[in-house]
Amino acid sequence: MNELHQKLESLKGQALQAFLNEKTADSLYQMKVYFLGKKGLLTDILKDLGKLPPEDRPQVGALANQLKNELEKTYQSRLNEIQRTEVEQKLKSESIDVTLPAVGVCKGSIHPVSQILTEICSLFADMGFDIFEGPEIETDYYNFEALNIPKDHPTRDMHDTFFLPDQRVLRTHTSPVQIRLMEKEKPPLRMIAPGVVYRRDSDVTHTPMFHQVEGLVVDENITLAHLKGVVETFLRKIFDSKTRVKFRPSFFPFTEPSAEVDIGCVFCKGDGCRVCKQTGWLEIMGCGMVDPEVFCSVSIDSERYTGFAFGMGVERIAMLKLGIDDIRLFFENEIDFLKQF
Ligand code: PHE
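Model, not experiment: these values are computed from the prediction.

Chemist: Would you mind going over the site of the ligand in detail, with residue names and values included?
Modeler: As a structural note, the neighbourhood of the ligand is formed by 14 residues, with His173, Ser175, Arg199, Gln212 and Glu214 the closest of them. Histidine 173 places a polar side-chain atom, nitrogen or oxygen, 3.0 Å from a nitrogen atom of the ligand. The separation between a nitrogen atom of the ligand and a polar side-chain atom of serine 175 is 2.9 Å. In isolation the ligand has 320 Å² of accessible area, and contact with the protein removes 90% of it. Sorting the residues of the shell around the ligand by element identifies strand 6 (209–219), strand 9 (281–290) and strand 10 (306–313) as the ones contributing at least two each. The leading source of residues in the shell around the ligand is strand 10, at 3 residues. Along the lines of polarity and charge, the residues of the shell around the ligand split into 5 nonpolar, 7 polar and 2 charged.

This is how it looks when you write it as structure tokens:
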């Protein structure tokens, strides 16, 4: 009887100590199972109850019950304590300090080239132009041949072409889209073709990849006056309603006659400055009346139809409009530069 009594006492001491040591509800519960569970230590000890003389059994039984109750109580109060600390810690870690400074939110913006491109497209859309697109990888036929630039023609040199191993090229201008449109649709046509073009060229005013917008109008009785009207209207809308516009004779194999269009320098207003190289004028686009040879390659009757085409560099217009003096800035992805627009 004494031995059993002692075992119970020592179990009580161990259990109390263990309960107090546990720090989480889970591990505390495991301790409870270890001492008081169905297969726990207490059950183990009470297996020997049968070996006692019958008159001693009620007393030890009562003792065991009392012990069990006491340990249950300690367990419960320790559990409450642990849960309370857990809640407190959770509240503390999840609390929001409303006095902390806010985290800055970085707002994105549309790339300046995209902004200008969109503006150009919507101005032409307002004038009734459709938007048409072509591939950036072109065949020699579309980029040159059909545009009346035969093999070995000297103007091919001006294009600084990137050639692919299979003889195709990265298009050097958006003019091949003229051919693709005229092959597909019959006049009257009024379209612009915005897109990326590639040339082996790199300095403050040239990047190997840049954007152009091509324009093409084909119908009966289209004249140079229509070309002038459309180009002038566009330039006075995209720059300034007082912008001076000048057509200078030039040469492109796919237009005849051809012209280079200049605008009065947007920086010095014509007085002469570094940007316009003291001339007071800035070159802004190429244009001309569609050459009958081009109509011939797309089987459009050049006796019945006439047309005009123009092509401009988007980065150039963006630089002039936004006052940027190095074209490479557009493609360096410098966040401080881009943020300004
Ligand atoms: N494709 C010419 C260029 O890239 C521009 C142009 C287009 C000229 C249409 C005349 C007509 O230089």
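Next comes the rest of the account.
Chemist: Quick rundown of the side chain of threonine 74? Include the residues and the values.
Modeler: Tracing the backbone shows threonine 74 in helix 4 (residues 57–94). On the accessibility criterion, threonine 74 (18% relative accessible area) is buried. Reaching out from threonine 74, the side chain makes a polar contact with the backbone oxygen of glutamate 70 at a distance of 2.8 Å. Apart from the residues within four sequence positions on either side, threonine 74 is in contact with Leu16 and Phe19.

Chemist: Any details on the domain arrangement of the chain? Residues and values, ideally.
Modeler: Along its sequence, the chain is organised into domain 1 (2–93) and domain 2 (112–338). On a C-alpha basis, the centroid separation for the pair domain 1 and domain 2 is 90 Å.

Chemist: Requested: an account of the sheet that holds strand 8 (residues 255–264), with residues and values cited.
Modeler: The sheet built from 7 strands is open, its strands ordered 1-5-6-10-9-8-7 with mixed pairing. Bordering the open sheet on either side are strand 1 (130–131) and strand 7 (245–252), each of which pairs with just one other strand. Bridge analysis of strand 7 against strand 8 gives 7 bridges, and the strand direction is antiparallel. Looking at the pairing, proline 249 lines up with alanine 259 of strand 8. Packing against the sheet, helix 7 (residues 176–184) makes contact with strand 5 (189–198), strand 6 and strand 10, and its axis sits at approximately 140 degrees to strand 5.

Conventions used here
Residues numbered from 1 in each chain as written. Predicted model: local features only at pLDDT ≥ 70, side-chain atom pairs only at ≥ 80, totals over all residues. Heavy atoms only, no water. Near = heavy atom within 4 Å. Polar contact = N/O pair within 3.5 Å; in protein donor to acceptor, adjacent residues only side chain to side chain. Areas by Shrake-Rupley, 256 points an atom, 1.4 Å probe, with all protein chains shown as cover. Helix = DSSP H or I, 4+ residues; strand = E, 2+ residues; numbered from the N terminus. Nonpolar A, V, L, I, M, F, W, Y, C, P; charged D, E, K, R; others polar. Buried < 20%, exposed > 50% of the residue type's maximum accessible area, 1.4 Å probe, protein only. Contact = heavy atoms within 4.5 Å. Domains from an automatic or database assignment. Pairing = 2+ DSSP bridges. Axes fitted to C-alpha atoms, helices over the stretch in contact; angles between N-to-C directions.

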